[in-house]
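Here is how the chains run, residue by residue.
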Number of protein chains: 2
Amino acid sequence: MNESSEVALAFDDTELLPAIAQDTDTGDVLMLAYVTPEAIEKTLETGFAHYYSRSRDELWKKGGTSGHVQRVADVRVDCDGDTFLYRVEQEGGACHTGYESCFYQTLDSVNRDEKESTDPTDASAVTAETTVVGERVFDPDEAYE
Amino acid sequence: MNESSEVALAFDDTELLPAIAQDTDTGDVLMLAYVTPEAIEKTLETGFAHYYSRSRDELWKKGGTSGHVQRVADVRVDCDGDTFLYRVEQEGGACHTGYESCFYQTLDSVNRDEKESTDPTDASAVTAETTVVGERVFDPDEAYE
């Protein structure tokens, strides 16, 4: 028999918590986005992954525009209730760039521009040299036209 | 030939960014913690996963106390440079509770206490009913004594 329990979710500290999506077929980590309690409720209720878009400031069904939906097998929560793991079956690719996973680049080195790093609004202060290792599975121009 | 590029890391918006750890043997998602540029540099330099502890406010080598280190095969960065993926070989278990993964509970339902949710300091405002599905691989009392 499996052990049941009640876990406090850490939405008191912040409005949003991170949710990782993992492909149950390949095991690949696909993406990370943010969720509200409502996004998790919608995910459990519909069986499709929902997140909260920080840029558009709204509840967001993954694949609502592109058709690249995520069918959710189960939702895990971590030991301290502040991160979620959506275990999903991904339609098409998860990344808006056309890659199967958003984590399609491996990091070779990190470069800090000491001069510019004093300006917190300068996005170029910390950069990384990367190599593309992922697989492109769709053409983003067609998916989002 | 693999494509190389330079990616801006989103440390300008926040001091810390999330890093997911995934076991390269099992494919399991083990944990999520936060990193600074220094934590990533230490990880690349030493080959062992480093994070930044928000509670202790310091750079942290995973397994420094327990011996449950993570040997890092590679570090991935996502499409918008604001999340990292450490692909690791985990010694022992990743979770301080003794489970292999911090994501050892599956979420059955989310409960919002509407009365209490107006108080943002109340951690019990949003809770989840969960079922334990993970595997305990070590005794935390022995690892952290």
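These numbers were taken from a predicted model, which means no experiment stands behind them.

### Section: the packing of aromatic side chains
Residue and element names in this part refer to chain A.
Here's step 1: Applying the stated criterion to the full structure yields eight aromatic pairs over all chains.
Here's step 2: When the centroid spacing of 5.2 Å and the interplanar angle of 35° are considered together, the rings of Tyr51 and Tyr86 count as tilted. Here Tyr86 lies in strand 7 (residues 84–90) and Tyr51 lies in strand 4 (residues 50–53), a separation of 35 residues in the sequence. Residues Tyr51 and Tyr86 agree in their burial class; the two are buried.
Here's step 3: Among the aromatic residues, those joined into a cluster by ring pairs are Tyr51, Trp60 and Tyr86.
Here's step 4: Over the aromatic face of Phe48 sits the side chain of Lys61, whose NZ or CZ is 4.3 Å from the ring centroid.

### Focus: the UniProt feature "binding site: Mg(2+)" (unreviewed entry) in chain A
Here's step 1: On the UniProt side, "binding site: Mg(2+)" (unreviewed entry) is annotated at positions that read Asp78, Asp80 and Asp82 of chain A here.
Here's step 2: Structurally, Asp78 of chain A can be placed in the loop between strand 6 (70–77) and strand 7.
Here's step 3: Using a relative accessible area of 3% as the deciding quantity, one classes Asp78 of chain A as buried.
Here's step 4: Excluding its chain neighbours within four sequence positions, the residues that come into contact with Asp78 of chain A are Thr83 of chain A together with Cys102, Phe103 and Gln105 of chain B.
Here's step 5: Counting through the fold element by element, Asp80 of chain A comes out in the loop between strand 6 and strand 7.
Here's step 6: Here Asp80 of chain A falls in the partly exposed class, since its relative accessible area comes to 45%.

### Brief notes about the pattern of salt bridges
Here's step 1: In the structure shown here, the tally under the stated rule is 12 salt bridges over all chains.
Here's step 2: Arg54 of chain A is the salt-bridge partner of Asp82 of chain B, the closest N and O atoms lying 3.4 Å from each other. With one member in each of two chains, Asp82 of chain B in the loop between strand 6 (70–77) and strand 7 (84–90) and Arg54 of chain A in the loop between strand 4 and strand 5 (58–61) form a pair that bridges those chains.
Here's step 3: On the basis of relative accessible area, Asp82 of chain B is assigned to the buried category, the value being 14%.
Here's step 4: Here the salt bridges share partners, and the residues they tie into one network are Asp74, Arg76 and Arg87 of chain A.

### A short note on helix 1 (residues 37–46) of chain B
Here's step 1: For helix 1 of chain B, the full list of buried residues reads Pro37, Ala39, Ile40 and Thr43 of chain B. Taken down its axis, helix 1 of chain B places every buried residue within 165° of arc, on the same side.

Analysis parameters
Residues numbered from 1 in each chain as written. Chains lettered and ligands numbered in written order. Predicted model: local features only at pLDDT ≥ 70, side-chain atom pairs only at ≥ 80, totals over all residues. Heavy atoms only, no water. Phe/Tyr/Trp six-rings, centres within 6.5 Å; stacked < 30°, edge-to-face > 60°. Helix = DSSP H or I, 4+ residues; strand = E, 2+ residues; numbered from the N terminus. Buried < 20%, exposed > 50% of the residue type's maximum accessible area, 1.4 Å probe, protein only. Lys NZ or Arg CZ within 6 Å of the ring centre and 35° of its normal. UniProt positions renumbered as here; feature names shortened; annotations may be inferred. Contact = heavy atoms within 4.5 Å. Salt bridge = Lys/Arg side-chain N within 4 Å of Asp/Glu carboxyl O. Arc of directions from axis to C-beta.

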